[in-house]
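# Architecture and fold: a report
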Amino acid sequence: MKKDSRAQITRKESWREYFLLSLESPAIAQNAQPGQFLMVRASVDTHPLLRRPFSIFSAEGKSVEIFFQKVGLGTRLLSEKQEGDTIDIIGPLGRGFTVKKEIRGKHSALIGGGRGIAPLYFLSQKLKAHGGTARVFYGGKSVEDLPVRERFEKSGTTLSCTTEDGSFGTRGQITEAFEAELNNGFTVSRIYACGPELMLKKIAEIAAALNVPAELSLESVMGCGFGACWGCVKRIRKGQEPGWHKICEEGPVLKAEDIIWELGNND
Amino acid sequence: MIDLSVNIGSLRLKNPVLAASGTFGYGMEFTPFMDLNELGGFVVKGLYFSPREGNPPPRLVETASGLINAIGLQGIGVKRFCKEILPQLRAYQTALIVNVCGENEEEYASVVEYLNSHEGIAAYELNISCPNVEKGGMCPALKPDLTYSVVKLVRSVSSRPLITKLSPNVSDIVEIALSAQEAGSDAVSLVNTFLAMAVDVDTKQPKLTNVFGGLSGPAIKPIALRMVFQVASQINIPVIGIGGIMSGEDALEYLICGAKAVEVGTSNFIDPESCLTIVQELERYCQTHGISRIEDIIGTLDVKQ
Ligand SMILES: Cc1cc2nc3c(=O)[nH]c(=O)nc-3n(C[C@H](O)[C@H](O)[C@H](O)COP(=O)(O)OP(=O)(O)OC[C@H]3O[C@@H](n4cnc5c(N)ncnc54)[C@H](O)[C@@H]3O)c2cc1C
Ligand SMILES: Cc1cc2nc3c(=O)[nH]c(=O)nc-3n(C[C@H](O)[C@H](O)[C@H](O)COP(=O)(O)O)c2cc1C
Ligand code: FES
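Residues numbered from 1 in each chain as written. Chains lettered and ligands numbered in written order. Predicted model: local features only at pLDDT ≥ 70, side-chain atom pairs only at ≥ 80, totals over all residues.

### Examining the overall build of chain B
For clarity, the threshold we go by: Counting from the N terminus, the helices are DSSP H or I runs at least four residues long and the strands are E runs at least two residues long. Three exposure classes are used. Buried residues have 20 or more other C-beta atoms within 10 Å of their own C-beta, exposed residues have 12 or fewer, and partly exposed residues fall in between, all C-beta atoms being placed from the backbone.
Within chain B, the regular secondary structure consists of eight helices and 16 strands. Across its three principal axes, chain B shows a C-alpha extent of roughly 50 × 50 × 45 Å. Residue burial in chain B is summarised as follows: out of 305 residues, 54% are buried.

### Examining the sheet that holds strand β5 (residues 58–60) of chain A
Residues and elements named next belong to chain A. For clarity, the cut-off: Two strands make a pair as long as DSSP finds a minimum of two bridges between them. Angles here are taken between N-to-C directions and fall from 0 to 180 degrees, while the axes themselves are lines fitted to C-alpha atoms, restricted in helices to the stretch in contact.
Taking strand neighbours across the sheet as the criterion, the seven strands line up as β4-β3-β7-β1-β2-β6-β5 in an open arrangement whose pairing is antiparallel. Edge positions in the sheet fall to β4 (52–55) and β5, since each of these pairs with one other strand and no more. Averaged over all pairs of adjacent strands, the angle between their axes in this sheet comes to 35°, without regard to strand direction.

### Here we look at the pairing of strand β9 (residues 162–165) of chain B
All names here are of chain B. In plain terms, the rule: Note on handedness: a clockwise path from strand one over the helix to strand two, with the strands aimed away from the viewer, defines a right-handed crossover.
Residues L162 and T164 of β9 are buried on one face, and the alternating residues I163 and K165, pointing to the opposite face, are buried as well. As judged from the four bridges shared by strand β8 (residues 123–127) and β9, these two strands associate in the parallel manner. The residue bridging E125 from the neighbouring strand is I163, located in β9. What joins β8 to β9 is helix α3 (residues 144–157), and the crossover it makes is right-handed. In terms of strand pairing, β9 meets strand β10 (residues 187–190) through three bridges, oriented parallel. Across the sheet, residue K165 finds its bridge partner in β10, namely S189. Read as a crossover between parallel neighbours, the route from β9 over helix α4 (residues 173–182) to β10 is right-handed.

### Here we look at the site of ligand 2
How we decide: To decide whether a residue is near a molecule or strand, its C-beta atom is placed from the backbone and checked for lying within 6 Å of it. Under the scheme applied here, ten amino acids are nonpolar (Ala, Val, Leu, Ile, Met, Phe, Trp, Tyr, Cys and Pro), four are charged (Asp, Glu, Lys and Arg), and all others, including Gly, are polar.
As a matter of local geometry, ligand 2 sits amid 28 residues, with B:G22, B:G46, B:S216, B:G265 and B:T266 nearest to it. The residues that come close to ligand 2 belong to more than one chain, namely chains A and B. Of all the elements in the fold, those that place two or more residues in the shell around ligand 2 are β4 (41–47) and β6 (66–69) of chain B. When grouped by side-chain class, the residues that make up the shell around ligand 2 number nine nonpolar, 17 polar and two charged.

### A look at the site of ligand 1
Residues and elements named next belong to chain A. Formally: An automatic or database domain assignment is the source of the domain bounds shown.
Residues in close proximity to ligand 1 total 21 residues, the closest being F68, G72, G74, T75 and A118. It is β4 that contributes the most residues to the shell around ligand 1, four residues altogether. A breakdown of the residues in the shell around ligand 1 according to their chemical character gives twelve nonpolar, six polar and three charged. For the shell around ligand 1, the domains that each give at least three residues are domain 1 (2–93) and domain 3 (219–267).

### What about helix α6 (residues 248–256) of chain B?
Residues and elements named next belong to chain B. The line we're drawing: Two residues qualify as a contact pair if the distance between their C-beta atoms, derived from the backbone, is within 7 Å.
Within the span of α6, buried status applies to D250, A251, L252, E253, Y254 and L255. The elements touched by buried residues of α6 are β3 (17–19), α5 (221–234), β15 (239–242), β16 (261–264) and α8 (274–288). Downstream of α6 by one or two residues, G258 has phi in the positive range, about 115°.

### Brief notes about the domain arrangement of chain A
Residues and elements named next belong to chain A. Domain annotation for chain A reports domain 1 (2–93), domain 2 (101–217) and domain 3 (219–267). Contacts between domain 1 and domain 3 engage eight residues on the former and seven residues on the latter. Looking at the side of domain 1 that touches domain 3, the elements that each hand over two or more residues are β3 (37–41) and β7 (86–93).

### What to know about the pairing of β10(B)
If a strand is regular, its side chains alternate between the two faces of the sheet. Residue and element names in this part refer to chain B. Burial along β10 is two-sided: A187 and S189 facing one way and V188 and L190 facing the other are all buried. Inspection of the sheet shows β10 paired to β15 by three bridges, in the parallel sense. Among the inter-strand pairings, V188 is bridged to a residue of β15, identified as V239.

### What about unusual backbone geometry?
Here A:G91 and A:P92 are connected by a cis peptide whose omega angle stands at -10°. Take A:P92: it is sitting in strand β7. Omega for the peptide link from B:P57 to B:P58 comes to -5°, which places this bond in the cis form. Along the polypeptide, B:P58 turns up in the loop between β4 and β5 (60–63). Non-glycine residue B:S65 carries a positive phi angle of around 50°.

### Side note on the nonpolar core
As a reminder of what qualifies: Here a nonpolar core is just a set of buried residues of the types Ala, Val, Leu, Ile, Met, Phe, Trp, Tyr and Cys, joined wherever their C-beta atoms sit within 7 Å.
Core analysis: the largest hydrophobic core is formed by 180 residues, its most contacted members being A:L38, B:V228 and B:V262. Among the elements that take part in this core, α5(B) stands out by supplying seven residues, more than any other. Not counting residues up to four positions away in its chain, the partners in contact with B:V228 are B:L190, B:V239, B:G241, B:Y254, B:C257, B:G258 and B:A259.

### Quick look at the packing of α6(B) against α8(B)
Residues and elements named next belong to chain B. Going by this rule: Convention used here: angles under 35 degrees read as roughly parallel, angles over 145 as roughly antiparallel, angles from 65 to 115 as roughly perpendicular, and any remaining angle as oblique. Here is the rule for handedness: rotate from the far helix to the near one, and if that takes an anticlockwise turn smaller than a right angle the crossing is left-handed, while a clockwise turn gives right-handed.
One can describe the packing of α6 onto α8 by two numbers: an axis separation of 8 Å at closest approach and a directional angle of 65°. Relative to α8, α6 is oriented roughly perpendicular. In the packing of α6 onto α8, the handedness of the crossing is right-handed. When α6 is examined against α8, the residues G248, A251 and L252 are found in contact with a partner set consisting of I278, E281, L282 and Y285.

### Thoughts on the environment of A:G96
Residues and elements named next belong to chain A. As for its placement among the helices and strands, G96 is situated in the loop between β7 and β8 (107–113). You can call G96 buried: it has 24 C-beta atoms within 10 Å. Each C-alpha atom of the pair G96 and T162 lies 25 Å from the other, and the pair is 66 residues apart in sequence. Dropping the residues within four chain positions of it, G96 is found in contact with Q33, P34, G35, Q36 and V253.

### Brief notes about the interface of chain B and chain A
Taken together, the contact pairs 29 residues of chain B with 25 residues of chain A. Counting residues per element, the ones that place at least two in the side of chain B that touches chain A are β5, β6 and α7 (267–270) of chain B. Residues that form the side of chain B that touches chain A fall into these classes: 14 nonpolar, ten polar and five charged.

Shown next, in the form of structure tokens:
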């Protein structure tokens, strides 16, 4: 984990409310694993005060990318940054997805709802590099919520898109599309997902019913991102003990069976 | 060579910058970012005798230039701290201060008694802002008599310098500081967080599950500074200034108002190297102002009558 206060934006892509920034930060790029995140300072001012967490979209050579949705002040300020600007980032942070040797020759399903697609591109590349195959389920409200689908297509990843309004791909919820494929005989030996908590909870149920291991990337309000504030806790099992554990250290990626879905966990 | 060292009673600090409790983890979290030896010292997360669960999330909400937290003093308890963390921290030559919590007076005393027998701790900071379960959740920091009583008891069992950390949620903080002094506290640190809240207007619900939390960060600095000045002007024991410090200039304001040292809190989250940057900025200020000892700045506020 390193602080790089001068990571330069070398490329920026934007869609209505989504943005992709490439940042030059060799030390952080070299050590990044899929599912890990960065803490990004959106402004040097005191408002917004805290850094904002973003999954690592990709890491290659000297560059890391982040993909984000504009939802408030911090993401708005970040969206206004231009190529050539520098930003202050800390990373790579947290525990990412596990990709073991046994993945060779196996099928994985990667399920990303909305901005939850962010960590899955990097993961799909790593799975391929390990000789596994990945099918990506990408869902959103409408076609505009699926801006990075071309990145997956270009890399030759099988992609199944879902929109709630039917403007692109299959109409409906991403979890319904995934279940429909399973009913059609699609088999997986591993599930990885990121997105809204209700979606993740549903996927945890599907995975449990199939008896397939699933890893889910959670979100939480983070004060620091590196274990110092105790602000980011969720109810999870560590060993046998359920407790409030720090998502920035134990996660953001957790085994589905370690997550305790209960009130107060669904913020 | 500028002398940045200061004395808090018998506690000697190599520079006046400490990391504040609850914002610096147990110290080790910051080793990827800095050499802890360069700090004046650091105060670890508040410790009760037993481990504590803390509050359900969301525990944090950001407001204009501020952060409201309702962590609920989650922690590993004093035994695990001594077993797992303290041995690692002993490798550092910097003042390690333990923030001591309690649900009642006896718990404060038992935490200190337990820690007394362990090497490598420079001082105790008494967090008297913990709700007292026997007194309907009232915390000692809110009443002069309760402050006096807990400080007196802990002073009698403590083998180390004792810093009493004051709450700003009182009408007369000087009165509380005087009680701590009278009870034998070696120093006072102020302030802890300001009781605060925030509301989601769409759901009409409080943004924190706990409804209330403590406000910290730049938003509180002017009020905290005023309190530090008032207290430093009225008591004889050293004062440590806390609240919204993000830069060397912020720290200098506190020193000029009479604080002998400062604690940096929320700033550690935003910039984990913050404490060291502040030390460097203090040093540079001394250089440009021809000051050879940082102690010469303390309490130099020039109030034109
Ligand atoms: C580990 C992790 C990885 C993340 N990765 C991505 C990513 O790759 N791309 C992306 O677009 N977003 C990601 N997020 C969410 C992102 O951090 C928030 O959207 C962002 O912090 C909002 O900041 P803001 O100032 O724009 O909005 P604010 O004004 O702070 O808030 C706007 C809305 O977002 C909610 N919010 C604020 N902070 C968070 C948070 N940390 N998590 C969830 N909701 C929040 C608020 O409750 C509010 O409703 C991630 C979050 C975590 C914890
Ligand atoms: C997340 C968080 C946790 C804290 N935990 C403690 C604690 O355990 N004990 C304590 O005495 N103060 C605690 N504090 C208060 C700080 O030590 C400090 O007094 C306060 O934040 C004001 O300083 P700042 O504005 O620089 O943050 C905490 C503050 C924050 C933000
Ligand atoms: S974000 Fe601070 S401990 Fe996890």
